[in-house]
Amino acid sequence: MTLKYEIKFFDYWHLSSGLSAGAKLDSTVTKDKENLPYAPGKTIKGLVREIIEKETLDIDFLHKCYFSNATMQKDTQKQIIQNNLQDNLYDVIASTKIDENGIAVDNSLREIEVVIPFSIYGEILDIPSKDDFDKLEKALKNIKRMGLNRNRGLGRCEFVDIKTEVIS
């Protein structure tokens, strides 16, 4: 059984690559070889696992499931690449630490790369049963934010258009 979904982002989002861009950026987003952003399947699986564990439900079935990376639709990717528009998908936001007197702390300025809001699509393969599908669907619907600084307004999202595909 396969579950397909859309992640609709409502705000800037940042799923970190773990890399910096030297003096320019402290953190860059995860990108594929064509410089397009995506949400790693392991990130989505981790969020799902956390939600299912909170409900004290059995998570053993997750070891059998494959979570694809969530990416833009293929035709959108093609248009962006053909027109060399990748740089238009990103912005930079800055923040700094403020001390108890309301003054910026020296050397605390940080800049991170963010992705503009749009939808990406993914799937979960090899779901063992309908009961497991239902657990996954419920968990995905409970994810409301993803990525860095989600407690500060980044990464607000919704998993929508969740559907099943039975492959025989």
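The notes below deal with the structure included here. (Residues numbered from 1 in each chain as written. Predicted model: local features only at pLDDT ≥ 70, side-chain atom pairs only at ≥ 80, totals over all residues. Heavy atoms only, no water.)

### Details of the sheet that holds strand E5 (residues 119-125)
The strand order across the open sheet built from four strands is E2-E5-E1-E6, with neighbouring strands paired in antiparallel fashion. Every other strand in the sheet has two partners, leaving strand E2 (66-67) and strand E6 (157-165) as the edge strands with one partner each. Relative to E5, E2 is paired through two bridges, and the arrangement is antiparallel. Looking at E5, one finds that Phe-67 is bridged to Ile-124. (Pairing = 2+ DSSP bridges. Helix = DSSP H or I, 4+ residues; strand = E, 2+ residues; numbered from the N terminus.)

### Considerations on the packing of aromatic side chains
Summed over all chains, the structure comprises three aromatic pairs. Geometrically, the ring pair formed by Phe-9 and Trp-13 is stacked, given 4.2 Å between the ring centres and 10 degrees between the ring planes. Accessibility classification places Phe-9 together with Trp-13 in one group, the buried group. With centroids separated by 6.0 Å and ring planes inclined at 75 degrees, the aromatic side chains of Trp-13 and Phe-118 adopt a geometry described as edge-to-face. Taken as a pair, Trp-13 in the loop between strand E1 (2-9) and helix H1 (41-54) and Phe-118 in the loop between strand E4 (110-115) and E5 lie far apart in primary sequence, 105 residues in all. (Phe/Tyr/Trp six-rings, centres within 6.5 Å; stacked < 30°, edge-to-face > 60°. Buried < 20%, exposed > 50% of the residue type's maximum accessible area, 1.4 Å probe, protein only.)

### A closer look at the pattern of salt bridges
Here the structure, examined in full by the defined rule, presents 10 salt bridges. Its salt-bridge partner being Glu-113, residue Lys-31 comes within 3.0 Å of it at the nearest N-O pair. Residue Lys-31 is located in the loop between E1 and H1, and its partner Glu-113 is located in strand E4; the two are separated by 82 residues in the primary sequence. The partner of Glu-137 in a salt bridge is Lys-141, with the nearest N and O atoms 3.6 Å apart. Highlighted residues: Glu-137 and Lys-141, both in helix H3 (residues 130-141), separated by four residues, approximately one helical turn. Here the salt bridges share partners, and the residues they tie into one network are Asp-131, Asp-132 and Lys-135. (Salt bridge = Lys/Arg side-chain N within 4 Å of Asp/Glu carboxyl O.)

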